[in-house]
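Residue-level listing of the chains:
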Number of protein chains: 2
Amino acid sequence: MEQIVEEKIESLNIKGLKIIQNKKWFCFGMDAVLISDFADIKKTDTVVDLGTGTGIIPLLIWGKKEPVKIYGVEIQPEMVELAKKSVSLNHLEDQIHIIHMDMKSLSAQTFEKVDVVVSNPPYIEYQGGIVNPESQKALARHEIACDLEDVINAAARILKQQGSFFMIHRPYRLVDIFSLMRKHRLEPKKIRFVHPKEGQKPNMIMIKGVKGGKMELQVEPPLYVYNHEGVYTKELLKIYELDDQS
Amino acid sequence: MEQIVEEKIESLNIKGLKIIQNKKWFCFGMDAVLISDFADIKKTDTVVDLGTGTGIIPLLIWGKKEPVKIYGVEIQPEMVELAKKSVSLNHLEDQIHIIHMDMKSLSAQTFEKVDVVVSNPPYIEYQGGIVNPESQKALARHEIACDLEDVINAAARILKQQGSFFMIHRPYRLVDIFSLMRKHRLEPKKIRFVHPKEGQKPNMIMIKGVKGGKMELQVEPPLYVYNHEGVYTKELLKIYELDDQS
C-alpha cells in the first residue's frame, strides 16, 4: 500500500520560524513548547535533543535561546528527512544538525562537549501487541525504539560534568524517572508540574537533572494551562510568545 | 539548671479533644493536622504513628477517623509521659497506646497486624555540632535519633502486605524519599504538595506508599494554605474542621 504524503507547513510564532509536519504522523504538541521554554540554555551552549522527531524542539530552542549548536538525534529515517527539510526551510543548516542515529549508540565521543540535553521521549510503556510498531506515531508515543532508561542513560553518557538534562514526561512515571536518573548520576534538581486547570491533577511534568549534581530538589509552583474561564493563562501565553506580539 | 515545666492544654476543635504541650519543647504544627487528614484510614484499621512526640497525630486521627487501635511510638521519655497524659485527659486509654521505644527496634512481631503507618519525622539532616542533641526540640526537628531511612525502613518492617504508609516531609528531599521507599518496597502511590499560596513553591509534601504496591504514582492537585487575601483557603479550613462549627 502506497503512503500518500500529507505534509503541511506551520508557523511557530517565533522569529518567523516554520515547521513541516505530516498529518498522518505524530504532530508536535504543547509538550515541545513547554520543555523548550523550561530548559535553561545559554548562547554558548551546545544542545542535544534526543528523539527529535520533526525537529520541533531544536527549532523552538533556536528561536527562543539561540545557542551556538543544536543536534537533533532521531532513529526514524522518514522523520529525519522531514526534520532536515524544516531546517533547510528556515536556513538553519549551520545551527541545527539532524542526525540519523539510535540514541542507544551515542557515546561520550559522538559530540565534542554537550552542555545541555533535552528530550520529549515516548511516554507510554510498551506492552507489545496493541500498537503497530512500524508506525511513526507509535514510535513517538510508545517506548518501542527506546524506553525511559535508554533516554536517561544516553543523556548521562553524552553530557559533560555539571551539564543539564531537561525532560518532559508524565507525572505517574515520576518515581521511575527519579530512580533511573539517580542510577545514572543525573541528579534531579528541579521539577515543575503542568496542570490543565487549577484544582486538577497535573498531566505533565518537567524535570531538570544535573550530571554529578548534589542532592537537593527544587519544586516550582504549578503551571496552569487554562484559567477558570477556559482560556490560556497569562503564563502559558507568555511561553507561546503570544503576549508580546504587536 | 532545673527545668521549669511549662505545660499548656490546647483544644483540638474535634470532638472536644485536648492536647497537653510544653512551650519549651516542640509544639505541634500544621503538618500534624495535614497528614492526619491526608491518611486514608478505615474504622477497622490498626494504625502506628512513628515518632509520635506529644501524641498529636494519634489524637487527631482518632478524632477524625476513629480506627480501632492507634499506637504512638516515641523514643524520648519526657514526650512519652506528656503523650500519655494527653491520652488520659481524653479518656482514650483503650484506643491509643503510647509506646516508649526506638523505632529502629520495631519488628514485624511488635504489633499484631498493622494496616497503616503514619509519620511526621524530623526533617532536617543532622550535620552534627550545631544543635543540642539533648534537647527535645532538636530531636523532633533534626535527624538525630532517627533519619529518613530509619522511618521508612521501620514502616516497611511493621506494615502488612498492601498496608499503607503516610508521611509528611519537605519537597527538597523528594528524590531521597522515593528512592528509599522503593528500596524498602514501599511503593510511592500518591503525593500532594502543600504551597503557602498560589504562585509560590511548596514547603511541604504528603506521600502515600503501599507495601508491595505496583508502580504508578498519582499526583494530586496542590493544596494552598492561604488565599490571595492572606486568609486560610476553604480547603484548609475544612481540614481544620473549622467550617462546620456552629
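Scroll up a little and you will see the structure.
### Things to note about the nonpolar core
Phase 1 of the analysis: Leu50(A), Phe165(A), Ile191(A), Leu50(B), Phe165(B) and Ile191(B) are the most contacted members of the largest nonpolar core, which has 66 residues in total.
Phase 2 of the analysis: With sequence-adjacent residues up to four places away left out, Ile191(A) is seen in contact with Phe178(A), Ile205(A), Met206(A), Ile207(A), Leu217(A), Gln218(A), Val219(A), Glu220(A), Leu174(B) and Phe193(B).
Phase 3 of the analysis: Core analysis: the second largest hydrophobic core is formed by 39 residues, Ala39(A), Met204(A), Met206(A) and Tyr240(A) among them.

### Details of the packing of aromatic side chains
When we look at a pair of aromatic rings, we describe it by the centre distance and by the angle of the planes.
Phase 1 of the analysis: Summed over the entire model, instances satisfying the criterion amount to 10 aromatic pairs over all chains.
Phase 2 of the analysis: Centroid distance Phe193(A) to Phe193(B): 5.5 Å. Interplanar angle 50°. Geometry classified as tilted. You can see Phe193(A) sitting in strand β8 (residues 186–195) and its partner Phe193(B) sitting in strand β8 (residues 186–195), one on each of two chains.
Phase 3 of the analysis: Note on Phe193(B): relative accessible area 4%, which makes it buried.
Phase 4 of the analysis: Note on Tyr232(B) and Tyr240(B): the rings are 6.2 Å apart at their centroids and 5° apart in plane angle, and the pair reads as stacked.

### As for the relation of the copies chain B and chain A
Phase 1 of the analysis: Rotating chain B by 180° and translating it 0.0 Å along the rotation axis places it on chain A, where the RMSD comes to 0.0 Å. What the superposition gives is, in effect, a two-fold axis relating one chain to the other. Looking at the rotation axis and the C-alpha trace of chain B, the residue lying nearest is Ser179(B), at 3.0 Å.
Phase 2 of the analysis: Taken as a fraction of all interface residues of chain B, those also at the interface in chain A reach 100%, which identifies the copy contact as same-surface.

### Some remarks on the packing of helix α1 (residues 30–38) of chain B against helix α2 (residues 56–65) of chain B
Residues and elements named next belong to chain B.
Phase 1 of the analysis: Interaxial distance between α1 and α2 falls to 9 Å at its minimum, and their mutual angle equals 40°. Classified by the angle their axes make, α1 and α2 are oblique. The crossing of α1 and α2 is right-handed. Of α2, the residues touching α1 (which contributes Ala 32, Val 33, Ile 35, Ser 36, Asp 37 and Phe 38) are Ile 56, Ile 57, Leu 60, Ile 61, Lys 64 and Lys 65.
Phase 2 of the analysis: Each residue belonging to the contact of α1 with α2 can be placed in one class, and the counts come to eight nonpolar, one polar and three charged.

### A few points about the interface of chain B and chain A
Phase 1 of the analysis: The interface is formed by 27 residues belonging to chain B together with 27 residues belonging to chain A.
Phase 2 of the analysis: In total, about 2,100 Å² of surface goes out of reach between chain B and chain A, with carbon and sulfur atoms giving 67% of it.
Phase 3 of the analysis: The largest contributions to the chain B side of the interface with chain A come from Val175(B), Lys201(B) and Val219(B), which together make up 26% of the buried area.
Phase 4 of the analysis: One can count four salt bridges joining chain B with chain A.
Phase 5 of the analysis: Secondary structure elements with two or more residues in the side of chain B that touches chain A: α6 (174–183), β8 and β10 (218–219) of chain B.

Quick notes on the rules
- Each chain carries its own residue numbering, running from 1 in the direction its sequence is written.
- As they are written, the chains are lettered A onward and the ligands numbered 1 onward, keeping that order.
- Totals for whole chains, interfaces and linings use all residues, but because this is a predicted model, local features are given only for residues with pLDDT of at least 70 and pairs of side-chain atoms are given and counted only at 80 or more.
- The side-chain figures draw on all heavy atoms in the structure; neither hydrogens nor water molecules are used.
- In these notes, a set of buried Ala, Val, Leu, Ile, Met, Phe, Trp, Tyr and Cys residues joined through side-chain atoms within 4.5 Å is what counts as a nonpolar core.
- Working definition: with a 1.4 Å probe on protein chains only, accessible area under 20% of the residue-type maximum means buried, over 50% means exposed, and in between means partly exposed.
- Contacts: residue pairs with any heavy atoms within 4.5 Å of one another.
- Only the six-membered ring of Trp is used, alongside the rings of Phe and Tyr, when aromatic pairs are assigned; centres must lie within 6.5 Å, and planes under 30 degrees apart are stacked while those over 60 apart are edge-to-face, with the rest tilted.
- A run of H or I in DSSP counts as a helix once it spans at least four residues, and a run of E counts as a strand once it spans at least two, with each numbered from the N terminus.
- We superpose the copies by least squares over the C-alpha atoms of residues that have a pLDDT of at least 70 in both of them.
- A fitted line through C-alpha atoms serves as each axis, taken over the contacting stretch for helices, and the angle formed by two N-to-C directions is quoted from 0 to 180°.
- Under this scheme an angle from 65 to 115 degrees is roughly perpendicular, one under 35 degrees roughly parallel, and one over 145 degrees roughly antiparallel; angles in between are oblique.
- Helix crossings fall into two classes, left-handed where the near helix is turned counterclockwise from the far one by less than a right angle and right-handed where it is turned clockwise.
- By the convention adopted, Pro, Cys, Tyr, Trp, Phe, Met, Ile, Leu, Val and Ala count as nonpolar, Lys, Arg, Asp and Glu as charged, and the other residues, Gly among them, as polar.
- Buried area: the sum, over both parts, of the accessible surface (1.4 Å probe) that disappears when the two are put together.
- Here, a salt bridge means any side-chain nitrogen of Lys or Arg that lies within 4 Å of a carboxyl oxygen of Asp or Glu.

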